[in-house]
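Inside the fold
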Amino acid sequence: MKVKLSRPKPSPLRRHWHLAPGIVFLNHGSFGACPKPILKLQSELRQKMEAEPVQFLWRRYEERLEPARAALARFVGARARDLVFVTNATAGVNAVARSLKLKRGDELLTTNCDYNACRNVVVEAARRAGAKVVVAEVPFPLQSADEIVAAVLRAVTRRTRLAMIDHITSDTALVFPIARIIRELEARGVDTLVDGAHAPGMLPLRIGRLNPAYYTGNLHKWVCAPKGAAFLWVREDKQASVQPAVISHGNNRSRPGYSAFQDRFDWCGTFDPSAWLCVGEAIDWLGKRVPGGWTQLRARNHALTVQGRRLLCERLEVKPPCPESLLGTLATIPLPARFQGLPPGGKIDAEQLRLYDEFGIEVPFNRVGPKATRCFRISAQIYNAVAEYEYLAEALAML
Ligand SMILES: Cc1ncc(COP(=O)(O)O)c(C=O)c1O
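Treat the numbers as computed from the prediction; the structure is a model and nothing was measured. (Residues numbered from 1 in each chain as written. Predicted model: local features only at pLDDT ≥ 70, side-chain atom pairs only at ≥ 80, totals over all residues. Heavy atoms only, no water.)

Regarding the overall build of the protein
- Looking only at helices and strands, the protein features 15 helices and 12 strands.
- Computed over C-alpha atoms, the radius of gyration of the protein comes to 21 Å, within 12% of the 21 Å expected from 2.2 N^0.38 for 399 residues, which places it in the range of a compact globule.
- A principal-axis box enclosing the C-alpha atoms of the protein has dimensions of 60 × 55 × 40 Å.
- Put simply, the protein has 399 residues, and 59% of those count as buried.
- Summing over all exposed atoms, the protein offers an accessible surface of approximately 17500 Å²; the carbon and sulfur share of this is 53%. (Helix = DSSP H or I, 4+ residues; strand = E, 2+ residues; numbered from the N terminus. Rg over C-alpha atoms; globule rule 2.2 N^0.38 Å. Buried < 20%, exposed > 50% of the residue type's maximum accessible area, 1.4 Å probe, protein only. Areas by Shrake-Rupley, 256 points an atom, 1.4 Å probe, with all protein chains shown as cover.)

Re the environment of lysine 132
- In this structure, lysine 132 sits in strand 4 (residues 132–136).
- It is 9.9 Å that separates the C-alpha atoms of lysine 132 and leucine 102, two residues lying 30 residues apart in sequence.

Some remarks on the packing of helix 5 (residues 89–99) against helix 6 (residues 116–129)
- Relative to each other, helix 5 and helix 6 sit at 15 degrees, their axes nearing to 9 Å. Our classification of the angle between helix 5 and helix 6 gives roughly parallel. Between helix 5 and helix 6 lies a crossing whose hand is right-handed. Across from Thr90, Val93, Asn94, Ala97 and Arg98 in helix 5, the residues of helix 6 making contact are Ala117, Cys118, Val121, Val122, Ala125 and Arg128.
- Its residues placed into classes, the contact of helix 5 with helix 6 shows 7 nonpolar, 2 polar and 2 charged. (Axes fitted to C-alpha atoms, helices over the stretch in contact; angles between N-to-C directions. Parallel < 35°, antiparallel > 145°, perpendicular 65-115°, else oblique. Left-handed = near helix turned anticlockwise from the far one by under 90°. Contact = heavy atoms within 4.5 Å. Nonpolar A, V, L, I, M, F, W, Y, C, P; charged D, E, K, R; others polar.)

Some details on the site of the ligand
- Within the structure, the ligand sits among 14 residues, and Thr90, Asp195, His198, Asn218 and Lys221 are positioned closest to it.
- At 2.5 Å, a side-chain N or O of threonine 90 approaches an oxygen atom of the ligand.
- Starting from 400 Å² of accessible surface for the ligand in isolation, the protein chains cover 90%.
- Class assignment for the residues of the shell around the ligand results in 5 nonpolar, 6 polar and 3 charged. (Near = heavy atom within 4 Å. Polar contact = N/O pair within 3.5 Å; in protein donor to acceptor, adjacent residues only side chain to side chain.)

Quick look at unusual backbone geometry
- In this structure, the amide linkage connecting phenylalanine 140 to the following residue, proline 141, adopts the cis form with an omega of 5 degrees.
- Counting through the fold element by element, proline 141 comes out in the loop between strand 4 and helix 7 (145–154).
- A positive phi angle, close to 60 degrees, is found at cysteine 224, a residue other than glycine.
- With respect to the helices and strands, cysteine 224 occurs in the loop between strand 7 (214–218) and strand 8 (230–234).
- Not every positive phi belongs to a glycine, and alanine 372 is a case in point at roughly 50 degrees.
- Along the chain, alanine 372 falls in the loop between strand 11 (365–368) and strand 12 (373–379).

Observations regarding the sheet that holds strand 2 (residues 83–86)
- With mixed pairing, the 7 strands of this open sheet are ordered in space as 2-8-7-6-5-3-4. Looking at which strands have only one partner, the edges of the open sheet turn out to be strand 2 and strand 4. Ignoring strand direction, the axes of neighbouring strands in this sheet form an average angle of 20 degrees.
- Sheet topology places strand 6 (residues 191–196) next to strand 7; 4 bridges connect them, and they run parallel. From the neighbouring strand, leucine 193 faces strand 7, where its bridge partner is tyrosine 214.
- Its contacts with the sheet place helix 8 (residues 178–187) against strand 5 (160–166) and strand 6, and it is angled at close to 180 degrees to strand 5. (Pairing = 2+ DSSP bridges.)

Some thoughts on the side chain of glutamine 42
- If you trace the backbone, glutamine 42 turns up in helix 2 (residues 36–51).
- Overall, the relative accessible area of 5% leaves glutamine 42 in the buried class.
- When residues no more than four places from it in sequence are discounted, the contact partners of glutamine 42 are Pro226, Ser274, Ala275 and Cys278.

Re the packing of aromatic side chains
- Counted according to the given criterion, the structure contains 12 aromatic pairs.
- On the numbers, 5.8 Å between centres and 75 degrees between planes, the contact of tryptophan 267 with phenylalanine 271 is edge-to-face.
- Measuring from centroid to centroid gives 6.4 Å for phenylalanine 365 and phenylalanine 376, while their planes differ by 40 degrees, and the two rings are tilted. Taken as a pair, phenylalanine 365 in strand 11 and phenylalanine 376 in strand 12 lie far apart in primary sequence, 11 residues in all. (Phe/Tyr/Trp six-rings, centres within 6.5 Å; stacked < 30°, edge-to-face > 60°.)

Side note on the pattern of salt bridges
- Evaluated as defined, the whole model comprises 26 salt bridges.
- Close ionic contact of arginine 81 with glutamate 236 constitutes a salt bridge, the shortest N to O distance being 3.4 Å. One end of the pair, arginine 81, is in the loop between helix 4 (61–76) and strand 2; the other, glutamate 236, is in the loop between strand 8 and helix 10 (260–266), with 155 residues separating them in the sequence.
- Residue glutamate 236 is classed as partly exposed on the basis of its relative accessible area, which comes to 45%.
- Residues aspartate 106 and arginine 161 are paired through a salt bridge, measuring 2.9 Å at the closest nitrogen-oxygen approach. Of this pair, aspartate 106 sits in the loop between helix 5 and strand 3 (107–111) while arginine 161 sits in strand 5, placing them 55 residues apart in sequence.
- Among the charged side chains, a network of salt bridges with common partners joins Glu62, Glu66, Arg69, Arg255, Asp263 and Asp266. (Salt bridge = Lys/Arg side-chain N within 4 Å of Asp/Glu carboxyl O.)

By themselves, these observations are geometric and do not establish any function.
Structure follows, in structure tokens:
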């Protein structure tokens, strides 16, 4: 049954997306959403690929790949030679964790805020080697970034070989103080793999300056590239030991002008590279939607997130679980007491389904912290408007 609350007006910029009319889309965080002009470009590239498959995928592949890599390098503050495309952040984490030469008794550090799929990767890498996964317990709710740094550092031992640390966490939507964490871990002799799945396009990035051992990020989320576009950056001294999750020709065929690292990753078997090839245009196009470019776009999305969270916390009479300084363009908000204490009812919570089916709102629900507090997570992309968060507050009140 559709409930008759009048639907809020989204931002006029939403006309550039295919998002279904009548759906209030407050979950950009899960998979992003690709704008029409970028999808059109991707279709054109696919047509070219099918018109001349060998020319496109083999003989002249690098002619299209290199401009995309160069644009990405500028955008994330890195050298192009340290960057490779992967299909998603999960593939980036797989490449790094499964390339580690672990010994029995070694420790891999992660946090209780990590992403389940990535946790599974480090668990499997540890299991194979007889190594151990140590989970740092980051509090939630929390008051300051110091609590995050302290939790991570408390979990370090002299056996810690690698720490997988999210730049922006998924369920708790916290922007971790990643520069401090990398620095402190480095000082203790621990390499960091940054899971930056949400970072590109949400935060300004200078990966070369951050200089962790490894950094992976998605481009289909906050850069709005087509799905299948992500990257892995590896510090030069680590590149020789990193293999892609799928090994192909690059291990014994080198191309002039490319590092062995790039040879291994640039081709992982026949696939559709069109998402990667759209990355430069996606960065350029999205950055031009507001006069102040990417800086203004990120600031606008952050301000809308803060405004949305404030009004939802007020209307629902719940306390914000973290300071605004730890927010990017996602925010996790606890549900009021009357929603708490219910066991999970399946893949998707009943209230989340009702929000979609009855009110046309796409917003994720989750359970976080030691008490499995039921929360929901909002996001803000330039197609959103404040009226959409007001509408969500009204709908939640009616559940
Ligand atoms: C923190 C984090 N890491 C990794 C991922 C995995 O991204 P993908 O499914 O694109 O590999 C996500 C997805 O939302 C995420 O939030």
